[in-house]
Amino acid sequence: DVKVTQSSRYLVKRTGEKVFLECVQDMDHENMFWYRQDPGLGLRLIYFSYDVKMKEKGDIPEGYSVSREKKERFSLILESASTNQTSMYLCASSYRASPLHFGNGTRLTVT
Amino acid sequence: EDKVVQSPLSLVVHEGDTVTLNCSYEVTNFRSLLWYKQEKKAPTFLFMLTSSGIEKKSGRLSSILDKKELFSILNITATQTGDSAVYLCAVEHTGNQFYFGTGTSLTVIP
């Protein structure tokens, strides 16, 4: 079974802080994704990566950056957290034409 | 603009009822359509559909895709309280990206 692990289930940060969300998958998947999920808006793609050191912007990359130094790890960085980044963040991975496998999510609150 | 639209937004049914959830899409370079179930945490995969008219079935759940009319349905028969969840539809295009609908929230009451 594919396991996608997000380092924190809940995080509370202050406005202006730099925030790191970590995601690790154990199935050697090439593709990794970061989504945020908000009521009424569904899942929106922030960034994705097809390979190590490779990254592509999704639909809402503003205010975020990512890092993929190793194949199994994909980090989402909020350079200066703002209250409108309060959300559920979901990491996912996939291999070629396979379905997405999701982590359990990180609920981030920015105060 | 690529989009995925799910209906209804929410649904409340009694145990034993049959429900049909809808997903329509406009996505260029379509590759597949996927259904997920989301309870309190991670969405879990239900079905992946790539061909029109071929029903996929798993227990009381089934799904079918119509690539001509650009929609899919997810059927749940003999619903149980454990079926209460948000059901997400996603469409993958050949760039290996996935577009999600906003989901249908299903509540099954005893």
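Just above, that's the structure.
Residues numbered from 1 in each chain as written. Chains lettered and ligands numbered in written order. Predicted model: local features only at pLDDT ≥ 70, side-chain atom pairs only at ≥ 80, totals over all residues. Heavy atoms only, no water.

**A closer look at the overall build of chain B**
From N to C terminus, chain B includes zero helices and 11 strands. Each helix (α) and strand (β) of chain B, taken in turn from the N terminus, gives the series β-β-β-β-β-β-β-β-β-β-β. Against the globule reference of 13 Å for 110 residues, chain B gives a C-alpha radius of gyration of 13 Å, in line with a compact fold. If you line up chain B on its principal axes, its C-alpha atoms span 40 × 25 × 20 Å. (Helix = DSSP H or I, 4+ residues; strand = E, 2+ residues; numbered from the N terminus. Rg over C-alpha atoms; globule rule 2.2 N^0.38 Å.)

**Let's talk about the state of the cysteines**
Enumeration over the complete set of coordinates arrives at two disulfides over all chains. Across the disulfide, A:Cys23 is cross-linked to A:Cys91 (sulfur-sulfur distance 1.9 Å). Because the torsion about its S-S bond is -75°, the bridge between A:Cys23 and A:Cys91 counts as left-handed. Within this pair, whereas A:Cys23 is found in strand β4 (residues 23–25), its partner A:Cys91 is found in strand β10 (residues 87–94), the two being separated by 68 residues in sequence. Like A:Cys23, the residue A:Cys91 is buried in the burial classification. At a sulfur-sulfur separation of 1.9 Å, the disulfide partner of B:Cys23 is B:Cys89. Residues B:Cys23 and B:Cys89 are joined through a disulfide that is left-handed, its torsion about the S-S bond being -70°. Within this pair, whereas B:Cys23 is found in strand β3 (residues 19–26), its partner B:Cys89 is found in strand β9 (residues 85–93), the two being separated by 66 residues in sequence. An identical accessibility class is assigned to B:Cys23 and B:Cys89; each is buried. (Disulfide = S-S within 2.5 Å. Buried < 20%, exposed > 50% of the residue type's maximum accessible area, 1.4 Å probe, protein only.)

**Describing the sheet that holds β3(B)**
All names here are of chain B. Here we have five strands laid out as an open sheet, ordered β1-β3-β8-β7-β6, and antiparallel in their pairing. Across the chains shown, the open sheet's two edge strands, defined by having one partner strand only, are β1 (3–7) and β6 (56–58). Ignoring which end each strand starts from, the neighbouring axes of this sheet average 15° apart. Where β1 meets β3, five bridges bridge the pair, whose relative direction is antiparallel. Of the residues in β3, the one forming a bridge with Val 4 is Tyr 25. (Pairing = 2+ DSSP bridges. Axes fitted to C-alpha atoms, helices over the stretch in contact; angles between N-to-C directions.)

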